[in-house]
Amino acid sequence: MLDITDTGLTFTKDPFDRERYEDLRSLFSEMLSQVSDLDAEEVAEVLKPTSAYATPLMDVRAWIVEDEKSV
């Protein structure tokens, strides 16, 4: 949910949408406070908005073996 609100707040120009994203962030903050041992400042730090489009990170790894030897 956090990535949705970050992206929405970063790119929306509609005041109605901005209010909805801020409400979602507030709700998420309340929920996080209830289920964790974090105080209000720590929750605010965790939920600090970014200014970029949220994208998944990708990682590709390979182990190449040629003629029974690692290359």
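You'll find the structure just up there.
Predicted model, so just to flag it, every value in this text is computed and none were measured.

Draft legend 1. The overall build of the protein chain, seen in detail. Within the protein chain, the regular secondary structure consists of three helices and two strands. Its helices and strands in sequence order give the protein chain the pattern α-α-α-β-β, from N to C terminus. Buried residues in the protein chain amount to 15% of all 71 residues. Considering only contacts within the protein chain whose residues lie at least 6 apart along the sequence, 36% involve residues at least 24 apart.

Draft legend 2. View of the environment of Asp14. When you line up the elements, Asp14 lands in the loop between helix 1 (2-11) and helix 2 (15-35). There is a polar contact of 2.9 Å between the side chain of Asp14 and the backbone nitrogen of Phe16.

Draft legend 3. Broad picture of the pattern of salt bridges. Summed over all chains, the structure comprises three salt bridges. A salt bridge links Arg20 to Asp17, with the nearest nitrogen and oxygen atoms 2.7 Å apart. Placement of the pair is Arg20 and Asp17 together in helix 2, with a separation of three residues, close to one helical turn. Lys48 is paired through a salt bridge with Glu45; the nearest N and O atoms lie 3.2 Å apart.

Draft legend 4. Here's a closer look at helix 1. Within the sequence span of helix 1, burial applies to Thr5, Asp6, Thr7, Gly8 and Leu9. Residues of helix 1 that are buried make contact with helix 2.

Draft legend 5. Just helix 2, in detail. Look at helix 2: 30 Å from first C-alpha to last across 21 residues, which is about the 30 Å you get at 1.5 Å a residue. Taken as a whole, helix 2 has its buried residues at Asp17, Arg25 and Leu32. Down the axis of helix 2, the buried set is contained in an arc of 80°. They therefore lie on one face. In helix 2, the exposed positions angled more than 90 degrees off the buried face are occupied by Pro15, Phe16 and Gln34. As for helix 2, its buried residues are in contact with helix 1 and helix 3 (40-46). You can read the cap of helix 2 off the contacts: a side-chain oxygen lies 2.9 Å from the backbone nitrogen of Phe16, and it is on Asp14.

Draft legend 6. Representation of the side chain of Thr12 in the model. Locating Thr12 in the fold gives a position in the loop between helix 1 and helix 2. According to the relative accessible area criterion, Thr12 is buried, its value standing at 15%. Polar contacts involving the side chain of Thr12 include one to the main-chain amide nitrogen of Asp14, which spans 3.3 Å.

Definitions and limits used
- Residues numbered from 1 in each chain as written.
- Predicted model: local features only at pLDDT ≥ 70, side-chain atom pairs only at ≥ 80, totals over all residues.
- Heavy atoms only, no water.
- Helix = DSSP H or I, 4+ residues; strand = E, 2+ residues; numbered from the N terminus.
- Buried < 20%, exposed > 50% of the residue type's maximum accessible area, 1.4 Å probe, protein only.
- Contact = heavy atoms within 4.5 Å.
- Polar contact = N/O pair within 3.5 Å; in protein donor to acceptor, adjacent residues only side chain to side chain.
- Salt bridge = Lys/Arg side-chain N within 4 Å of Asp/Glu carboxyl O.
- Expected span 1.5 Å × (residues − 1).
- Arc of directions from axis to C-beta.

No statement about biological role is implied by the geometric values presented.
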